[in-house]
Amino acid sequence: MCGIVAVSGNSEAAQLCFLGLYSLQHRGQEAAGIASFDRATGQSHRVRKPGLVSDAIQAKDIAELPGDVAVAHIRYSTAGGAGLKNAQPIRESYRGGPIALVHNGNLTNANLLRDQLFNQGALFQSTIDSEAIVHLIARSRGATPDEQITEALSQLEGAYCVLITVGDTLYAARDPYGYRPLVIGALPGGGLMLASETCALDIAGARYVRDVEPGEFIRIRGGEIETVSRLPQMVAESQPCIFELVYFARPDTQLWGYTVDRARRAFGRRLAQEQGAPGDIVISVPDSANSAAVGYSEQSGIPFELGLIRNHYVGRTFITPTQAGRDFKVRMKFSPVREVLSGKRVVVVDDSLVRGTTSRALVNMLREAGATQVHLRLASPPVRWPCFYGIDMPTREELIASDKTVEEIRAFLGVDSLGYLSPDGMLECVADEGETYCTACFTGDYRAPLVDAQQGFAMSSHC
Ligand code: AMP
């Protein structure tokens, strides 16, 4: 998961990156970091700390990040990958000058590359995929940073959006499949901003210019964008991740040609056509399913109500009583509105079902609050396969739909009925732009080769 931002050609580069990270907070809550380059002194500076952006980066930190070019990262916690040593930006010095790099996505040959680099004597400071990219750049025989970075990128497989500064030059690249988003905006005070989502441009008042295209490697200096190269592993069809539309991106973001809210509403409307339910009210599992639930309500005519309230102030690490029980985390996060639910047949719309643990606990909560029936509707198909391209998804064994039928899942969750959006229905909702999407988590159709698995290495789960 994770989010990335960069600014070039603006004296408030670090401050603007901070704003961008702020609006990408949903993409990661574990750590935040910014690295800047100051042309006046030829020095690079970096701050990276654990926690939410507002806790991790203070005004005094921004003051220590001078320069008109900066890159920034927000990290999502993944199993086994926690700790500040894995926070980004990565910052090193090599023969091209100070280099800083941020990365969103998962490389599918990260462990093979790491193994090869180890055998050549490389020393690693972290366990993240992204560090291998910096080593590949530093070890390249290319004469210029353009050539060195091109050579490094041509060795990567899988999903990546990277933002790299070498001195005061900013580089950006997106993998040939285009799994993860990366957009370019023009800042009102001059200079350019790049970010994972358009919501980061909006907060800085930047005007959307264009996407970094799949397989494109660009250089930005003095406000000018130049395409350095097209990556050699170009594929016939890009494969943007449909799960960004389903769950991950923010509803106000423009993604793959759609406003995320509109795409989710379309999923919800289609779900209502495919999977009607005998309900008195429609509620969402806030916040990620709000748009889909509104769509379901619009299509079905069943009124939308706020039956669950989400507590936005629950940190990722709170102290859990020892006898907390399975439902405790869900009770910390969601509260039922009894007057809305009592005596009602409730259609609950969620965006996706992953392990099923959240829904199971929510169903108990809704029944305790007086719901007479609970009909669960999912605005995406069954998630059956793990993601190796940058969405944090558990192993196959942990995915409830990997080996259970819809009826078995219904019984496990204890709902009166259960219905999923069909794969074709989902794709038809977002087919206007003629885009093909990565649907591997629903279908197991992994297009970018899973090199590590083929070579007998573990698959990486870092972003
Ligand atoms: P569960 O089925 O209990 O694992 O949780 C499903 C809920 O988690 C849904 O409400 C989704 O909004 C949310 N969700 C979906 N994918 C992810 C993910 N990769 N990481 C965290 N939460 C997710």
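Everything numeric here is computed off the predicted structure, so don't read it as measured data.

Student: Explain the domain arrangement of the protein residue by residue, including any values.
Tutor: Assigned domains within the protein: domain 1 (3-239) and domain 2 (251-446). Each partner contributes to the interface: domain 1 provides 19 residues, whereas domain 2 provides 15 residues. Of the roughly 1600 Å² buried where domain 1 meets domain 2, counting both sides, 48% is carbon and sulfur surface. Looking at the side of domain 1 facing domain 2, the largest losses of area belong to Tyr 179, Arg 180 and Gln 239, adding up to 28% of the total buried there. Counted by class, the side of domain 1 that touches domain 2 contains five nonpolar, ten polar and four charged residues.

Student: Account for the packing of helix α9 (residues 260-274) against helix α10 (residues 290-300), with residues named and values stated.
Tutor: Interhelical geometry of α9 versus α10 gives an angle of 45° and a closest axis separation of 6 Å. Judged by the angle between their axes, α9 and α10 are oblique. Once α9 is placed against α10, the crossing between them reads as right-handed. When α9 is examined against α10, the residues Asp 261, Arg 264, Arg 265, Gly 268, Arg 269, Leu 271, Ala 272 and Gln 273 are found in contact with a partner set consisting of Ser 291, Ala 292, Val 294, Gly 295, Tyr 296, Glu 298, Gln 299 and Ser 300. In terms of residue class, the contact of α9 with α10 is built from five nonpolar, six polar and five charged.

Student: Go over the site of the ligand with me, naming the residues and quoting the values.
Tutor: Neighbouring residues of the ligand: 16 residues in total, closest Asp 351, Arg 355, Gly 356, Thr 358 and Asp 392. The separation between a nitrogen atom of the ligand and a polar side-chain atom of Tyr 76 is 3.4 Å. Considered on its own, the ligand offers 500 Å² of accessible surface; in the complex 85% of this is hidden by protein. Sorting the residues of the shell around the ligand by element identifies α8 (242-248) and α13 (357-368) as the ones contributing at least two each. Its residues assigned to classes, the shell around the ligand shows seven nonpolar, five polar and four charged.

Student: Account for the nonpolar core, naming residues and giving values.
Tutor: With 50 residues, the main nonpolar core has Phe 243, Leu 245, Phe 267 and Tyr 389 as its most contacted residues. Put simply, the parts of the chain that give this core at least two residues each are α8, α9, α10, β19 (345-350), α15 (423-429) and α16 (440-443). The leading source of residues in this core is α9, at six residues. Among the domains, domain 1 (3-239) and domain 2 (251-446) are the pair contributing at least three residues each to this core. Beyond its immediate sequence surroundings of up to four residues, Leu 245 is in contact with Leu 255, Trp 256, Val 260, Ala 263, Arg 264, Phe 267, Val 430 and Tyr 437.

Student: Account for the sheet that holds strand β6 (residues 97-104), naming residues and giving values.
Tutor: Taking strand neighbours across the sheet as the criterion, the six strands line up as β5-β6-β7-β8-β12-β13 in an open arrangement whose pairing is antiparallel. Every interior strand has two partners, whereas the edge strands, β5 (90-94) and β13 (224-230), have only one. Averaged over all pairs of adjacent strands, the angle between strand axes in this sheet comes to 20°, irrespective of strand direction. The pairing of strand β8 (residues 169-174) with strand β12 (residues 216-221) spans four bridges and is antiparallel. When the bridges of β12 are listed, Ala 173 appears paired with Phe 217. Of the strands in this sheet, β5, β6 and β7 (161-166) touch helix α5 (residues 130-139), which is tilted by about 145° from β6.

Student: Describe the UniProt feature "binding site: [4Fe-4S] cluster" (unreviewed entry) in the protein, and please don't skip the residues or the numbers.
Tutor: Within the UniProt annotation, "binding site: [4Fe-4S] cluster" (unreviewed entry) is assigned to Cys 241, Cys 387, Cys 438 and Cys 441. Spanning 201 residues, the named residues form one tight spatial group whose C-alpha atoms are at most 10.1 Å apart. With respect to the secondary-structure elements, Cys 241 resides in the loop between β13 and α8. Those residues in contact with Cys 241 that lie beyond four places of it in its chain are Tyr 179, Arg 180, Trp 256, Ile 391 and Cys 438. Along the chain, Cys 438 falls in the loop between α15 and α16. For Cys 438, a relative accessible area of 8% puts it in the buried group.

Student: Talk me through the UniProt feature "active site" (unreviewed entry) in the protein; I want residue IDs and the actual numbers.
Tutor: With numbering aligned to this structure, UniProt lists the feature "active site" (unreviewed entry) at Cys 2. Summarising the element assignment, Cys 2 is placed in the segment before β1 (3-8).

Student: How would you sum up the side chain of Gln 148? Please name residues and give values.
Tutor: Inspection of the secondary structure assignment puts Gln 148 in helix α6 (residues 145-153). Leaving out residues up to four positions away in the same chain, Gln 148 has contacts with Tyr 94, Arg 95, Ile 137, Ser 140, Gly 142 and Ala 143.

Student: Tell me about unusual backbone geometry, and please be specific about residues and values.
Tutor: Along the chain, Gln 88 connects to Pro 89 via a cis peptide bond; the corresponding omega equals 0°. Pro 286 connects to Asp 287 through a cis peptide bond whose omega is -5°. The topology assignment puts Asp 287 in the loop between β16 (281-284) and α10. Positioned with a positive phi, Cys 2 is a non-glycine residue whose angle comes to about 75°.

Cut-offs and rules
Chains are numbered independently. Their residues run from 1 in the order of the written sequence. In keeping with the predicted nature of the model, local features appear solely for residues at pLDDT of at least 70, side-chain atom pairs appear and are counted solely at 80 or more, and the whole-chain, interface and lining totals rest on all residues. Side-chain calculation: all heavy atoms of the structure are included, whereas hydrogens and water are not. Domain start and end points were adopted from an automatic or database domain assignment. Any two residues whose heavy atoms approach within 4.5 Å are treated as being in contact. Throughout, the accessible surface (probe 1.4 Å) given up by two parts as they are put together, summed over both, is called the buried area. Asp, Glu, Lys and Arg are counted as charged, while Ala, Val, Leu, Ile, Met, Phe, Trp, Tyr, Cys and Pro are counted as nonpolar; the rest, among them Gly, fall into the polar class. Fitted lines through C-alpha atoms serve as axes, helices being fitted only where they are in contact, and the angles separating the N-to-C directions of these axes extend from 0 to 180 degrees. We count a stretch as a helix when DSSP gives it H or I for four or more residues in a row; a strand needs E for two or more, and each element gets its number in order from the N terminus. Oblique is the label for any angle not covered by the other classes, which are roughly parallel (under 35 degrees), roughly antiparallel (over 145) and roughly perpendicular (65 to 115). Handedness of a helix crossing follows the sense of rotation of the near helix relative to the far helix, less than a right angle counterclockwise being left-handed and clockwise being right-handed. A molecule or strand has a residue near it when one of that residue's heavy atoms lies within 4 Å. We define a polar contact as two N or O atoms separated by no more than 3.5 Å, with the added condition that, inside protein, one atom must be a possible hydrogen donor and the other a possible acceptor, whereas residues neighbouring each other in sequence contribute only through side-chain atom pairs. Surface accessibility follows the Shrake-Rupley procedure with a 1.4 Å probe radius. Residue values consider only the protein chains on display as shielding. The term nonpolar core refers to a set of buried residues drawn from Ala, Val, Leu, Ile, Met, Phe, Trp, Tyr and Cys, joined through side-chain atoms within 4.5 Å. Throughout, exposure labels follow a simple rule: accessible area from a 1.4 Å probe, protein chains only, divided by the maximum for the residue type, with under 20% read as buried, over 50% as exposed, and the rest as partly exposed. Should DSSP find at least two bridges between two strands, the strands are regarded as paired. UniProt positions are given in the numbering used here, feature names are shortened, and annotations may be inferred rather than shown by experiment.

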